[in-house]
Amino acid sequence: MRNANFAFYGKQAVIYNNGVIPDTSEELVLSGLFEHVFMDYMQHLRERDSPLFDIVPKGISRKKQDSLMLMIIRKLTHMRHDEVAMAFPQAREVFRDTYMLNEFVEKLYNFWRSFERFFICYSLEGGGEDQEYDKRPYRTFNHTIEILNHLTRTAYRDICENITGEHPRVYRQVAAGCQIGVIAGEKEMPLGKKYANMSAVPVIRQVFMSPPLILDPTMNKRSGIFREVNENPLEGVDFTSGEWLCYPAKVCDTLIHVFFHSRFMGLGTSLANLFDLADDEDLTKKPDAIYAFGVPMKHMKKYGKNPTVFFEDSKNKIFVGAVPGDDSYGYFGYLKKMILTLHNIVSIKKGRLPVHGAMVRISMKNRKTANVLVWGDSGAGKSETLEAFRMLGKKYIRDMTVIFDDMGSLGIDSNGKVIAYGTETGAFVRLDDLQPGFAFGNMDRTMIHSPYTINSRAILPITTQYEVTKGHEIDFLLYANNYESVDAEHPILERFSGIEDALKVFREGARMAKGTTTETGLVYSFFANPFGPVQYKDEYDRLAKKYFDKVFASKVFVGQLRTRLGISGMETKGPQEAAKELFRIISG
């Protein structure tokens with residue numbers, strides 16, 4: 001449901017605002033948004049035949065019941081219940097059981113907070129200090145979201161006090177208004193005439209969040225790969241409905257404008273924990289790619305059963321990606337992986353080698369250092385092994401810096417050395433396989449998605465844009481083997497004797513599927529990376545041969561690390577033992 005000031009998409013509530021909010025809690029409960037939520041709440045109670053509905057007067061129409069209860073709740077923000085009963089005789093029946101009435105209000109408060117709540121503040125370019133909210137974001141968020149949170153809590157507490165006649169003894173300062181806010185505005189972007197209708201979409205300039213945040217998207221797995229098509233999937237798509245936002249993402253040195261529909265507000269704003277926002281200078285440049293997440297399904301059906309597609313617009317020298325606006329695609333992996341696919345294709349065109357893996361720089365207390373790159377597909381044990389290494393090596397490690405957690409690329413510097421770059425400043429990590437307490441230790445910055453499923457995830461910042469773009473030499477290049485058991489012929493850490501042996505394992509890309517996608521059992525993906533290389537196999541194969549030649553010539557340790565993450569019963573022990581062996585080799 002969408003009107004000029006707010007919208008509801010399932011369990012998501014989105015408030016659209018120009019910087020003006022109610023001044024008092026009484027004004028808040030008189031708003032159209034409050035009335036909409038209240039009427040939904042009444043319907044919610046009716047559908048469940050809730051005992052709370054026993055306080056509502058009988059013998060009158062539903063419409064009159066709703067109007068009467070709404071009037072009573074509004075009056076209770078500034079009047080005691082006995083004053084309301086005296087002033088409005090028709091309301092006296094409601095106050096027969098003040099305990100139940102107080103429970104009615106408690107459940108109303110919880111009903112509102114059960115929504116994922118977003119606040120969009122529009123900044124007007126050239127509107128002066130009073131309307132260019134992105135020029136003073138801290139004050140803007142204080143004067144909107146923080147005040148809205150305060151007014152919502154105040155209204156709730158005032159109503160309860162006027163029912164019970166008592167003050168609360170415990171005050172919980174929850175984010176009762178909105179959990180996530182953005183400042184967005186129109187920006188002149190050099191997209192070209194072909195994409196002129198996207199230029200009016202507000203561009204996100206700042207993001208506010210109150211972590212820890214728990215979001216429950218409509219899907220918890222990704223299916224299939226992103227296919228290249230021979231026509232522009234954005235041809236004829238209308239971006240002028242007012243329901244789109246643009247997150248201009250810095251993906252290493254690649255600029256990707258991510259347009260997402262408001263029905264995916266939780267997923268779109270979660271990008272703030274994964275990719276840095278482009279600055280004003282970046283917005284003066286033409287993006288390398290455009291990605292529309294939430295294109296109407298009727299427009300995408302022509303691309304078949306799994307219409308997650310991209311297109312090389314060679315005429316306009318830009319790549320274009322599109323995913324349908326359907327609940328079955330409401331998973332953050334579709335957002336993140338298409339962005340990385342577009343980045344990887346751009347990288348291949350630049351002569352870089354995309355890598356699906358994780359990389360850290362480790363500094364030991366014995367002054368030894370190592371840059372370790374663990375290569376593998378989703379669920380192979382990359383992040384889990386590096387996290388286990390960090391936990392096991394606390395007393396021996398001076399520092400451990402994450403370069404990238406999921407995707408990077410290899411390049412060649414001016415001296416002819418192979419160097420690695422990252423993509424994300426954050427991580428989208430699977431909670432099930434992490435060390436106990438990991439999420440809680442990072443809760444103050446974390447967004448948790450799908451907490452009740454086997455593929456529950458945390459999104460949290462882990463590194464900086466400087467580390468991502470700097471370029472780092474490699475000391476260990478390891479394939480994450482999550483499916484083979486360890487024995488005398490299959491050690492935990494095995495060094496490849498030559499280029500062909502290494503290329504065979506890396507090219508095969510075998511792994512035991514771990515529930516992060518709809519795949520099951522032992523599966524294979526070209527160089528463990530279905531996000532770009534598989535779509536450009538010939539180009540990627542040539543680059544892989546070139547880079548592996550250089551890596552072997554530079555005496556980098558190239559091997560495979562048996563994490564055993566895909567073997568039942570070894571989900572924790574496997575990465576721990578892999579970490580111990582890696583620790584032994586580095587420190588020895």
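On a predicted model such as this, the values are computed, not experimentally measured, just so you know.

Visitor: Help me out: how do you make sense of the overall build of the protein in this one?
Guide: For the protein, the helix and strand inventory stands at 15 helices and 27 strands. The globule rule puts the C-alpha radius of gyration for 588 residues at 25 Å, and the 27 Å found for the protein is close to it. Referenced to the eigenvectors of the C-alpha coordinate spread, the extents of the protein come out at roughly 90 × 55 × 45 Å. About 24700 Å² of surface is accessible on the protein, with carbon and sulfur atoms providing 50% of the total.

Visitor: I'm lost on unusual backbone geometry in this one. Help?
Guide: Glycine aside, a negative phi is what most residues show, and trans is what most peptide bonds show. Cis geometry is adopted by the peptide bond preceding Pro 212, which originates at Pro 211 and carries an omega value of 0 degrees. Within the secondary structure, Pro 212 sits in the loop between strand 5 (203–209) and strand 6 (213–215). Here the phi dihedral of Arg 367 falls at roughly 75 degrees; this positive angle occurs in a residue that is not glycine. For Arg 367, the location among the structural elements is in the loop between strand 14 (353–364) and strand 15 (369–375). You will see that Phe 527, though not glycine, has its phi angle at about 50 degrees, which is positive. Checked against the element boundaries, Phe 527 lands in the loop between strand 26 (522–524) and helix 14 (537–553). Of the residues examined, Phe 527 reaches a relative accessible area of 0% and is grouped as buried.

Visitor: For this particular structure, what's the right way to read the packing of helix 2 (residues 32–47) against helix 5 (residues 98–113)?
Guide: The axes of two packed helices give the description: the angle between them and the distance between them. In contact at an axis separation of 10 Å, helix 2 and helix 5 are set at 110 degrees when each is read in the N-to-C sense. With respect to helix 5, the element helix 2 is oriented roughly perpendicular. Taken as a pair, helix 2 and helix 5 cross one another with a handedness that is right-handed. When helix 2 is examined against helix 5, the residues Leu 33, Phe 34, Val 37, Phe 38, Asp 40, Tyr 41, Met 42, His 44 and Leu 45 are found in contact with a partner set consisting of Phe 104, Lys 107, Leu 108, Phe 111 and Trp 112. A per-class count over the contact of helix 2 with helix 5 returns 11 nonpolar, one polar and two charged.

Visitor: Could you clarify how one ought to interpret helix 14 in this entry?
Guide: Along an α-helix, residues three or four apart share an orientation, since each turn contains 3.6 residues. Relative to the 24 Å expected for 17 residues at 1.5 Å per residue, helix 14 spans 24 Å between its end C-alpha atoms, a close match to the ideal helical length. Positive backbone phi, approximately 70 degrees, marks Lys 555, located one or two places after helix 14.

Visitor: Explanation requested: the packing of aromatic side chains in the structure shown.
Guide: For any pair of aromatic rings, the description rests on two quantities: the centre-to-centre distance and the angle between the ring planes. Applying the stated criterion to the full structure yields 30 aromatic pairs. Chaining the aromatic ring pairs together yields one cluster made of Phe 6, Phe 8, Phe 34, Phe 38, Tyr 41, Phe 104, Phe 111, Trp 112 and Phe 115. The positively charged end of Arg 352 is found above the aromatic ring belonging to Tyr 421, 4.1 Å away from the centroid.

Visitor: I'm lost on the pattern of salt bridges in this one. Help?
Guide: Between side chains of opposite charge, a pair can form when the charged atoms approach closely. What the rule picks out here adds up to 29 salt bridges. Its salt-bridge partner being Asp 66, residue Arg 46 comes within 2.8 Å of it at the nearest N-O pair. With Arg 46 in helix 2 and Asp 66 in helix 3 (residues 62–75), the pair connects residues that are 20 residues apart, well separated along the chain. Here Arg 46 falls in the buried class, since its relative accessible area comes to 16%. Given the relative accessible area of 12%, Asp 66 is considered buried. The shortest N-O distance in the salt bridge between Glu 467 and Arg 361 comes to 3.3 Å. Taken together, the residues Glu 467 in helix 12 (residues 465–470) and Arg 361 in strand 14 connect sequence positions 106 residues apart.

Visitor: Would you take a moment to explain the pairing of strand 12 (residues 309–313) for this structure?
Guide: Sheet faces and side chains relate simply in a regular strand, where the side chains alternate between the two faces. The element strand 12 is extensively covered by neighbouring structure, given that four of its five residues are classed as buried. By the bridge criterion, two bridges tie strand 7 (residues 227–228) to strand 12 in an arrangement that is parallel. Bridged to Glu 228 within strand 12 is Phe 310. Both strand 12 and strand 13 (residues 318–324) contribute to a ladder of five bridges, which runs antiparallel. Bridging from a neighbouring strand, Asp 313 pairs with Ile 318 of strand 13.

Visitor: Can you walk me through the sheet that holds strand 19 (residues 426–430) in this structure?
Guide: Strand pairs in the sheet, formed through backbone hydrogen bonds, run parallel or antiparallel to each other. Strand order in the open sheet made by the four strands is 6-20-21-19, with mixed pairing throughout. In the strand order of this sheet, the two ends are held by strand 6 and strand 19, each with one partner. Across the sheet, the mean angle separating the axes of adjacent strands is 20 degrees when strand polarity is ignored. Pairing of strand 6 with strand 20 (residues 447–449) involves three bridges; the strand directions are parallel. Paired with Leu 213 across the strands is Met 447, a residue of strand 20.

Visitor: Whenever I open this one, the side chain of Asn 306 confuses me. Can you help?
Guide: As for its position among the elements, Asn 306 is in the loop between helix 8 (297–300) and strand 12. A polar side-chain atom of Asn 306 sits 3.0 Å from the main-chain carbonyl oxygen of Ser 223. In contact with Asn 306, not counting residues within four places along its chain, are Ser 223, Gly 224, Ile 225, Arg 227 and Tyr 329.

Visitor: How should the packing of helix 10 (residues 382–392) against helix 15 (residues 573–587) be read in this particular structure?
Guide: Axis separation between helix 10 and helix 15 bottoms out at 8 Å; the angle between their running directions is 65 degrees. As helix 10 runs across helix 15, the sense of the crossing is right-handed. Every residue of helix 15 that contacts helix 10 at Glu 384, Thr 385, Ala 388, Phe 389 and Leu 392 is listed here: Pro 575, Gln 576, Ala 578, Ala 579, Lys 580, Leu 582, Phe 583 and Ile 586. Residues that form the contact of helix 10 with helix 15 fall into these classes: nine nonpolar, two polar and two charged.

Visitor: Explain the confidence of the model for the protein to me, please; I cannot follow it from the model alone.
Guide: The predicted structure's coordinates, where accompanied by low pLDDT, should not be read in detail. Averaged over all residues, the pLDDT of the protein equals 90, while 94% of them reach at least 70. The secondary structure element of the protein with the lowest average pLDDT is helix 11 (residues 438–441), at 52, and the one with the highest is strand 9 (residues 254–261), at 98.

Visitor: Could you clarify how one ought to interpret the nonpolar core in this entry?
Guide: As a rule of thumb, soluble globular proteins bury nonpolar side chains together. Within the largest apolar cluster, 79 residues are counted, with the highest numbers of intra-cluster contacts made by Tyr 291, Leu 373, Trp 375, Leu 477, Phe 506 and Val 558. Among the elements that make up this core, the one with the highest residue count is helix 9 (residues 332–350) (10 residues). When near neighbours in sequence (up to four residues on either side) are disregarded, Phe 506 contacts Trp 375, Leu 477, Leu 478, Tyr 479, Phe 496, Phe 527, Ala 528, Phe 548, Val 558 and Gly 559. Residues Ala 13, Leu 45, Ile 55 and Trp 112 belong to the second largest nonpolar core, which totals 55 residues.

Visitor: What's the story with the environment of Gln 43 in this structure? I'm lost.
Guide: When you line up the elements, Gln 43 lands in helix 2. Through-space distance from the C-alpha of Gln 43 to that of Arg 367 is 66 Å; in sequence the pair is 324 residues apart.

Visitor: Would you mind showing me how to read the environment of Phe 293 here?
Guide: You can see Phe 293 is positioned in strand 11 (residues 289–295). In this structure, Phe 293 is in contact with Trp 244, Phe 259, Phe 260, His 261, Phe 264, Leu 267, Val 323, Tyr 329, Tyr 331, Tyr 334 and Leu 335, ignoring residues within four places of it in sequence.

Visitor: I keep staring at the environment of Ile 15 and nothing clicks. Help me out?
Guide: Following the sequence through the fold, Ile 15 ends up in strand 2 (residues 12–17). For the pair Ile 15 and Leu 33, spaced 18 residues apart in the sequence, the C-alpha separation amounts to 8.6 Å. When near neighbours in sequence (up to four residues on either side) are disregarded, Ile 15 contacts Asn 5, Phe 6, Leu 33, Phe 118, Phe 119, Ile 120, Leu 148 and Cys 178.

Parameters and conventions
- Residues numbered from 1 in each chain as written.
- Predicted model: local features only at pLDDT ≥ 70, side-chain atom pairs only at ≥ 80, totals over all residues.
- Heavy atoms only, no water.
- Helix = DSSP H or I, 4+ residues; strand = E, 2+ residues; numbered from the N terminus.
- Rg over C-alpha atoms; globule rule 2.2 N^0.38 Å.
- Areas by Shrake-Rupley, 256 points an atom, 1.4 Å probe, with all protein chains shown as cover.
- Buried < 20%, exposed > 50% of the residue type's maximum accessible area, 1.4 Å probe, protein only.
- Axes fitted to C-alpha atoms, helices over the stretch in contact; angles between N-to-C directions.
- Parallel < 35°, antiparallel > 145°, perpendicular 65-115°, else oblique.
- Left-handed = near helix turned anticlockwise from the far one by under 90°.
- Contact = heavy atoms within 4.5 Å.
- Nonpolar A, V, L, I, M, F, W, Y, C, P; charged D, E, K, R; others polar.
- Expected span 1.5 Å × (residues − 1).
- Phe/Tyr/Trp six-rings, centres within 6.5 Å; stacked < 30°, edge-to-face > 60°.
- Lys NZ or Arg CZ within 6 Å of the ring centre and 35° of its normal.
- Salt bridge = Lys/Arg side-chain N within 4 Å of Asp/Glu carboxyl O.
- Pairing = 2+ DSSP bridges.
- Polar contact = N/O pair within 3.5 Å; in protein donor to acceptor, adjacent residues only side chain to side chain.
- pLDDT = per-residue confidence, 0-100.
- Core = buried A, V, L, I, M, F, W, Y, C linked by side-chain atoms within 4.5 Å.

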